There are 2 protein chains.
Amino acid sequence: MVSTGAAAGAPRQAGTTGDHESRYTVASVARALRLVDIVAGGPIDGLTVSEIARSLGTSKSTAYALARTLADQGYLRTTDPGPRYQLGLALVRLGDVSANRLPLGQLCRPVLHALTARTGLTTRAAVNDALQPMFVERVDAPGAIRFYTPLGVPELAHVSSAGKAILAELTDEQVAELIAGTGLTRRTPKTITRLDELLADLAATRRRGYAVDDEEDVEGVFCVGAAFYDHTGGCAGAISATGIKRDLPPRAVEDLGQAVRSAAAQVTEQLRGIPRRIIGLR
Amino acid sequence: MVSTGAAAGAPRQAGTTGDHESRYTVASVARALRLVDIVAGGPIDGLTVSEIARSLGTSKSTAYALARTLADQGYLRTTDPGPRYQLGLALVRLGDVSANRLPLGQLCRPVLHALTARTGLTTRAAVNDALQPMFVERVDAPGAIRFYTPLGVPELAHVSSAGKAILAELTDEQVAELIAGTGLTRRTPKTITRLDELLADLAATRRRGYAVDDEEDVEGVFCVGAAFYDHTGGCAGAISATGIKRDLPPRAVEDLGQAVRSAAAQVTEQLRGIPRRIIGLR
DNA sequence: CAGGTCGTTCGGCATGACCGAACGCAGATT
DNA sequence: AATCTGCGTTCGGTCATGCCGAACGACCTG
């Protein structure tokens, strides 16, 4: 019996989440982690308790207690004047440890460094996570201008060079089946949104040995990627190099492709003998 | 190695933590975050539920529920065959976001890249966190061999070049007072453990304009650091370059010191006008 | 085939996580 | 000046819920 007579049948019902994730999990912990995500998605200078409470759908007091707990452990930090909650340094530490424990990250880093030194571009390594590229390592270009390329977030497969390099390992039928489930969302005017075009592009990728993203994800940004393989012969991930299209002479694309391809080949070579289960994600 | 089943029969009393941190925090969330720390400190291939329960001091069922909740949100991941819990990719993502939101990190990265390119050494930037250097950004040396230098963990001030560069900003009296509270713990035979020696070293640091750590933290490792300053004139942090001592010709120390010093000066220059509160840590 | 461990599931109880209300305080607005 | 709205924080009370212990099947070891 909901004794709160004045609540007027609030649809909220905080306690009884009723989500599909139900038993053998701890609701308050899940709420706290969602709070971290909300702060991570919020503005750079942090969120106030009231804003957090609104986003989280809880009372202010609950949001306050959760934020305090997270701040005590360093997951959040509070700003000096008005108490706004930002991401804390514990996350820097844990993310660094976590990235360094991925065998793929350790292994790719020297290769990426060399590729960046050779091409002057930002380079990244992605693992093949259920046919989606998930970037786990990055080496920034030396120049001053750089676009932010976050780690740990899955990319769309059909707009990134790493994703297309991975998709090129599948048969046309497998690609069609996959796309039937996910669709081909448009990101720029040049994004490939028709299946036959995608298949043609993947065929070209197989011929060349590297994939190209020509302003298909972000306008003005050019990207070249190549897959690497583990000891089973399966595609474990991909390496890509990204740059501003204007800075890239068209003639250099083939050279760049070969450079990325040989970098991926180096990773493949080192991957021989490492069992697959600690490479992949599950 | 921790397999000591007999946990000294501590009277557990799980619920009533009784810690000084008591009210207005959520105990189960604090437990969950401690669980993440335990996994982060554990072996690279993860921990089992039973091991977690022992380290956490809770029952297996509680540890199970907490671990499941964390795994559902990506903070942990489970391995294929035996369910062992490792750090998850959500931490890579959050750590990357967190590091990139530190204005100091963004600002230092190009400088560190240039310094690494010029010296061939691993370079790092630390913020001045209550007179302890806390490294928030790192650029690895291009070479294959590299020692792991974690981010987000506070360093001892008197053994690291960044720490000594920060301490050199204080008066002798302030240093003495600080050391009286923390002590001078020995890390190697060359660690400075007497106050008068430390003060002499700091005086030399002020003369030179850069600090030197000559195998005082780790044997065989050499380190040079210099402080940078924000618009208030206060010391906001330090930059350091680290390498294997054997690879470094003794004559080059002065050149290296000047390179690090000029890199720190670049950061200082860019820091003018940025308010202090978003630079410092609290 | 015992004996030990593992991960997972379940019942039940008391605790603690949550909410609503209230307070002091700023900064706008009247 | 006075009012008002929003903020962060504190507190009382209560019902959900997080926790534990026990139990079960599976796996490995002796």
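Above this note sits the structure.
For the structure given in this document, a descriptive report is provided here. (Residues numbered from 1 in each chain as written. Chains lettered and ligands numbered in written order. Predicted model: local features only at pLDDT ≥ 70, side-chain atom pairs only at ≥ 80, totals over all residues.)

### Description of the pairing of strand β3 (residues 122–129) of chain A
All names here are of chain A.
Here comes step 1: The buried fraction of β3 is high, at 7 of 8 residues.
Here comes step 2: The pairing of β3 with strand β7 (residues 235–244) spans 6 bridges and is classified as antiparallel. Within β7, the position partnered with T122 by the bridge is T242.
Here comes step 3: Bridging between β3 and strand β4 (residues 132–139) involves 7 bridges; their strand directions are antiparallel. Residue V127 lies in a different strand from β4, and its bridge partner there is M134.
Here comes step 4: In this antiparallel pair of consecutive strands, β3 and β4, the connection spans 2 residues, and A130 shows a positive phi of 55 degrees. (Buried ≥ 20, exposed ≤ 12 C-beta atoms within 10 Å, placed from the backbone. Helix = DSSP H or I, 4+ residues; strand = E, 2+ residues; numbered from the N terminus. Pairing = 2+ DSSP bridges.)

### Focus: the sheet that holds β3(A)
The pairing of strands in a sheet happens through backbone hydrogen bonds and is either parallel or antiparallel.
Residues and elements named next belong to chain A.
Here comes step 1: As summarised here, the arrangement of the 5 strands in space is β4-β3-β7-β6-β5, forming an open sheet in which the pairing is antiparallel. A strand with exactly one partner marks an edge of an open sheet, and here the two such strands are β4 and β5 (211–214). With strand direction ignored, the average angle separating the axes of adjacent strands in the sheet is 25 degrees.
Here comes step 2: Summarising the sheet, strand β6 (residues 221–229) and β7 pair through 9 bridges and their orientation is antiparallel. Its bridge partner lying in β7, C223 is registered against T242. (Axes fitted to C-alpha atoms, helices over the stretch in contact; angles between N-to-C directions.)

### A look at the pairing of strand β5 (residues 211–214) of chain B
Residue and element names in this part refer to chain B.
Here comes step 1: Residues A211 and D213 of β5 are buried on one face, while the alternating residues V212 and D214, pointing to the opposite face, are not.
Here comes step 2: Bridge analysis of β5 against strand β6 (residues 221–229) gives 4 bridges, and the strand direction is antiparallel. Paired with D214 across the two strands is F222, which belongs to β6.
Here comes step 3: Following β5, the chain reverses through 6 residues before pairing antiparallel with β6; E215 in that reversal takes a positive phi of roughly 60 degrees.

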